[in-house]
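So the chains spell out like this:
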Amino acid sequence: MQITLEFGGGLELLCDSVKIHNVDVDLPAEEKKLTMKHLLAWVRSNLIKERPEMFMKGDTVRPGVLVLVNDCDWELSGQLDTTLENKDVVVFISTLHGG
């Protein structure tokens, strides 16, 4: 399944400073659909190059990371249970900044 992932607000630094990734994510063997929970595990294993704890806490994103699925806040679409479709765009933006 082709998914476009975008990282902003400093999160791109965890992915070799690359902001946009066009990726092909395989469905888990026993699953018929790709969910955000599966995608986050895939991102942690395949894209995050350093300090995964800055991106994820447990099996979800850290507090302060805004997640948009096709420009819609994932909190409105089911968070980890959000079902993804081919060519969806998922954006991760950190709202936490030092000062």
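This text goes with the structure placed above it.
Computed from a prediction, not measured in an experiment: that's the story for all the values here. (Residues numbered from 1 in each chain as written. Predicted model: local features only at pLDDT ≥ 70, side-chain atom pairs only at ≥ 80, totals over all residues. Heavy atoms only, no water.)

Novice: Explain the packing of aromatic side chains to me, please; I cannot follow it from the model alone.
Specialist: Within a pair of aromatic rings, the relevant descriptors are the distance that separates the centres and the angle that separates the planes. Applying the stated criterion to the full structure yields 3 aromatic pairs. On the basis of an interplanar angle of 20° and a centroid distance of 5.3 Å, the ring pair of F7 and F92 is categorised as stacked. Residue F7 is found in strand β1 (residues 2-8), and its partner F92 is found in strand β9 (residues 88-94); the two are separated by 85 residues along the sequence. One aromatic cluster is present, formed by F7, F55 and F92 through successive ring pairs. (Phe/Tyr/Trp six-rings, centres within 6.5 Å; stacked < 30°, edge-to-face > 60°. Helix = DSSP H or I, 4+ residues; strand = E, 2+ residues; numbered from the N terminus.)

Novice: Would you mind going over the layout of surface pockets with me for this structure?
Specialist: Think of a ball as big as a water molecule: rolled over the atoms, this probe shows where empty space is left. In this structure, the largest pocket occupies an estimated 190 Å³ of space. Lining the largest pocket are G9, G10, L11, L13, L14, R51, M54, R62, P63, V65, S94 and L96. (1 Å grid on protein atoms, 1.4 Å probe; cavity = no way out; pocket = protein on both sides within 12 Å on 5 of 7 lines; lining within 4 Å. Points joined across faces, edges and corners; volume = space filled by probe spheres on them.)

Novice: When you look at helix α1 (residues 36-46) in this model, what are you seeing that I'm missing?
Specialist: An α-helical turn contains 3.6 residues, so any two residues separated by three or four positions project in the same direction. Buried within α1 are the following residues: M36, L39, L40 and V43. All buried residues of α1 fall inside an arc of 100° around its axis, so they share one side. (Buried < 20%, exposed > 50% of the residue type's maximum accessible area, 1.4 Å probe, protein only. Arc of directions from axis to C-beta.)

Novice: For this particular structure, what's the right way to read the side chain of D88?
Specialist: With respect to the helices, strands and loops of the structure, D88 is situated in strand β9. It turns out D88 is buried and unbridged, and the closest side chain with the opposite charge, K87, is 11 Å from it. (Lys, Arg positive; Asp, Glu negative; His and termini not counted. Salt bridge = Lys/Arg side-chain N within 4 Å of Asp/Glu carboxyl O.)

Novice: Before we go on, may I ask you to explain the environment of R51 in this structure?
Specialist: In this fold, R51 is placed in the loop between α1 and β4 (56-57). C-alpha separation for the pair R51 and H21, spaced 30 residues apart in sequence, amounts to 18 Å.

Novice: I would appreciate a short explanation of the nonpolar core in the present structure.
Specialist: Most often, soluble globular proteins keep nonpolar side chains buried together rather than apart. Judged by nonpolar contacts, the single largest core of 26 residues is most densely connected at L5, F7, M36, L40, F55, V90 and F92. Broken down by secondary-structure element, the contributors of at least two residues to this core are β1, α1, β6 (65-69) and β9. Per element, the largest residue contribution to this core is 4 residues, and it comes from α1. Discounting residues that sit within four places of it in the chain, F55 has contacts with F7, L11, L14, L40, V43, I48, T60, V61, R62, V65 and F92. (Core = buried A, V, L, I, M, F, W, Y, C linked by side-chain atoms within 4.5 Å. Contact = heavy atoms within 4.5 Å.)

Novice: Where do I start with the pairing of β6 in this structure?
Specialist: Within β6, 4 of the 5 residues are buried, leaving the element largely enclosed by the surrounding structure. Pairing analysis gives 2 bridges linking β6 to strand β7 (residues 72-73), with the strands arranged antiparallel. Looking across to β7, one finds that V69 is bridged to C72. Connecting the antiparallel pair β6 and β7 is a turn made up of 2 residues, with N70 showing a positive phi of about 55°. (Pairing = 2+ DSSP bridges.)

The analysis is restricted to geometry; functional conclusions fall outside its scope.
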